[in-house]
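# A look at the structure
In case you want the letters, here they are:
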Amino acid sequence: MLDFLGDLKRTHMCGTLRASHAGEKVTLMGWVNRRRDHGNLLFVDLRDRTGVTQVVVNAERNAAVHKKAEALRNEYVIAVIGVVKHRDAGTVNKNMATGEVELVAEELRILNESKLPPFLPSDTALTNEETRLKYRYIDLRRDVMQFNIEMRHKVAKAIRDYLSAQGFFEIETPFMTRSTPEGARDYLVPSRVQPGTFYALPQSPQLFKQILMISGFDKYFQIVRCFRDEDLRADRQPEFTQVDLEMSYPQPEQVWEVVEGFLQAAFAAAGHEIKTPFPRMDYDEAIRLYGIDKPDLRLPEMTDVRECFAAENLQELAVNPNLPVIAIRTPKVGELSRKERDDIKPMFHSKGGARVFEDFKRIANKFPDAAAKVKAKTQAADDDLIVLVVGPAESGPQTPLPAHRKVSPQELAIYASAGLLRLALGQKYADRHNCFQRGDYRFLWVTNFPMFEWDESAKQWMAAHHPFTSPHEEDMYLLGVGAGPVSVKDPQSSLSAVRALAYDVVLNGTELGSGSIRIHRQDVQSTIFRALGMTDEEARSRFGFFLEALEYGTPPHGGIALGLDRIVMILAGAESLREVIPFPKTARAVDLMVDAPTPVSDAQLRELGIAVKKS
């Protein structure tokens, strides 16, 4: 027989009782975490989101309450009225915050029963993830999930408080807008009142926040849901939350200072102190030292050791002397067996004909002087692993570079191959080198990205960030805008040299956020669209409202967006975003709890003027 709550009110949370509460009469409410029957004494661990309190039901003191408590099972919802008392010295539980006290029950109300769950929140061995997601309401009762969601709240609040104190306005932007595909596919929403037309869920509030700058709001932020219909990974979801901000008249450094400030506040809310300012590194330098534009600084940087080898050494190894020879050092790996060396080869993904020499000992035996120089240049200890990555034996002529670029396309392939192997080796031997310590946070600003990337399959230039990013002012001439140090007859052929006023904030090899100074002039924006292969008509069709807005006194502006889910995932030490999002999707973009997506009725489709074509 279930009880009604009536006018009963909870006086304390389960995790808040301490020795100082002894002698007080309190009312607790929560779930039965565990029940232990010792005859006349029955012990119930009562749980809510703050913790657990032990409740004692004594048959000799209150037979009716004891009999009622015998019916309790795990996850029943109950209310208990009783007096807090000190535990006997021998029964104090030092592993619980409430372990010095217990509640002696005087009244018990059973507010709801529970079926036997497929798993219990108190289980130490986790069930499979699909079961956890199907019964997410049970999974979210687990203390680690409660901790993660509470941390998410604290982090978001700290960011919101910091930005508000800096003069930013929190402004909401629409969820139903027009489709302006920028890489990932849009989620489309059909309009009933405008048959045959569709809204799109925003991939980001990019254009709206720029329009807010045109509107004179100067400093905007939003902790906002965004949607992208793309293939999923552990750090990617179809709907996600980002910290979005925009400022008028900023230099990049001013955006960075704001981001460093709110990240410092966010990490402090989670109990971690981080130092600012973050180091800064050009894109080309990141590629040269780490082979990737989101470097993990916890592992040693890569080193070009080409000069350590004599010309005849390189010739004997069939190594092109005009391309870098990259040494990857992984600390404290020790000497590898033949099988372990062979295992490195499948970890290597060659780009542009790059090759790997995984047996450095063999090279050292053949070229001892060169090997000694390599060890000295990489500062390698005797138990460090060294692997070399080189280019193809034969390659075409080097692409000439402008003075401000350091990495040619041919070199980029070698660095990229080496960078992926560096990370793979670091992860494989993490138990030996101890570089990935919890709480070791290595932030970095990566700046001066290329403005464009060549898409070989589409045979056209693509925006490396997004098409609203401003080029460097001194590179405008390469686009045919203004005068430059040299005449550019064919701007299209010069696009690889254009740098963007773009910047990413990176933490331990994860891109937390990406931003840029934006284009605020209509003529420059139109030029960028044309460089991306868009005709003026196509640009007007897709972005006409924005191009027109740029003609009404647009101030220079810039901003950034950071993934809140990723920030919390790193702080929680989780392997997947699903561990810090209350109701996530699977890798197949399915919500197992509500069974979505699902077909809809023919009547709904007819009302929207939609027919489903089965493949």
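Look up a bit, the structure's there.
All values derive from a computational prediction rather than experimental measurement. (Residues numbered from 1 in each chain as written. Predicted model: local features only at pLDDT ≥ 70, side-chain atom pairs only at ≥ 80, totals over all residues. Heavy atoms only, no water.)

### Some remarks on the pairing of strand β10 (residues 239-248)
Of all 10 residues in β10, 9 are buried; the element is thus mostly enclosed. As defined by bridge partners, strand β9 (residues 219-227) adjoins β10 across 9 bridges and the pair is classed as antiparallel. Bridge pairing in β10 links C226 to F240. Taken together, the 7 bridges between β10 and strand β21 (residues 557-563) define a ladder with antiparallel strand orientation. Within the sheet, the bridge partner assigned to S248 lies in β21 and is H557. (Buried < 20%, exposed > 50% of the residue type's maximum accessible area, 1.4 Å probe, protein only. Helix = DSSP H or I, 4+ residues; strand = E, 2+ residues; numbered from the N terminus. Pairing = 2+ DSSP bridges.)

### Let's talk about the sheet that holds strand β1 (residues 25-38)
If you walk around this closed barrel you meet the 5 strands as β1-β2-β3-β5-β4, and the pairing is mixed. If you compare each strand with its neighbour and ignore which way they point, the axes differ by 55° on average. Bridge count between β1 and strand β2 (residues 41-48): 7 bridges; the pairing is antiparallel. Paired with W31 across the two strands is R47, which belongs to β2. (Axes fitted to C-alpha atoms, helices over the stretch in contact; angles between N-to-C directions.)

### Details of a nonpolar patch on the surface
On the surface, F175, M176 and Y199 cluster together into a nonpolar patch covering about 280 Å² of accessible area. Checked against the element boundaries, M176 lands in the loop between β6 (169-170) and β7 (187-190). What makes M176 partly exposed here is its relative accessible area of 45%. (Patch = residues over 30% accessible without salt bridge, like charges linked within 9 Å, V, L, I, M, F, W, Y side chains within 5 Å. Areas by Shrake-Rupley, 256 points an atom, 1.4 Å probe, with all protein chains shown as cover. Salt bridge = Lys/Arg side-chain N within 4 Å of Asp/Glu carboxyl O.)

### Re the nonpolar core
Ranked by size, the top nonpolar core spans 55 residues in total, and within it L385, V389, L421, L425, F452 and I528 carry the most contacts. Here the element with the most residues in this core is helix α12 (residues 409-428); it accounts for 7 residues. With near-sequence residues (within four places) excluded, I528 lies in contact with M451, F452, P467, P471, L479 and I519. In this structure, L163, M247, L564 and M569 belong to the second largest nonpolar core, which totals 42 residues. (Core = buried A, V, L, I, M, F, W, Y, C linked by side-chain atoms within 4.5 Å. Contact = heavy atoms within 4.5 Å.)

### Points about the packing of helix α7 (residues 283-290) against α12
Packed helices, taken two at a time, are described by the angle between their axes plus the distance between the axes. Contact pair α7 / α12: the axes reach a minimum separation of 8 Å and the direction vectors enclose 60°. Between α7 and α12, the crossing angle belongs to the class labelled oblique. Contacts between α7 and α12 pair Y283, I287, R288 and Y290 from the former with L412, Y415, G419 and R422 from the latter. (Parallel < 35°, antiparallel > 145°, perpendicular 65-115°, else oblique.)

### Some points on the pattern of salt bridges
Scanning the model with the defined rule gives 41 salt bridges in all. When the shortest N-O distance is used, the salt bridge between R329 and D384 registers 3.0 Å. Here R329, found in strand β13 (residues 325-330), pairs with D384, found in the loop between α11 (368-378) and β15 (385-390); they are 55 residues apart in sequence, far enough to count as distant. Assigned by exposure class, R329 and D384 land together as buried. Ionic contacts of the salt-bridge type, sharing partners, join the residues R132, R136, D139, R142 and E579 into one network.

### Remarks on the side chain of T177
Structurally, T177 can be placed in the loop between β6 and β7. Excluding anything up to four places from it in sequence, T177 contacts Y199, A200, P202 and F208.

### Examining α7
Burial of α7 is extensive: 7 of the 8 residues sit out of reach of the surface. Regarding α7, the residues found buried are Y283, D284, E285, A286, I287, L289 and Y290. Backbone geometry just after α7 places G291 at a positive phi near 75°.

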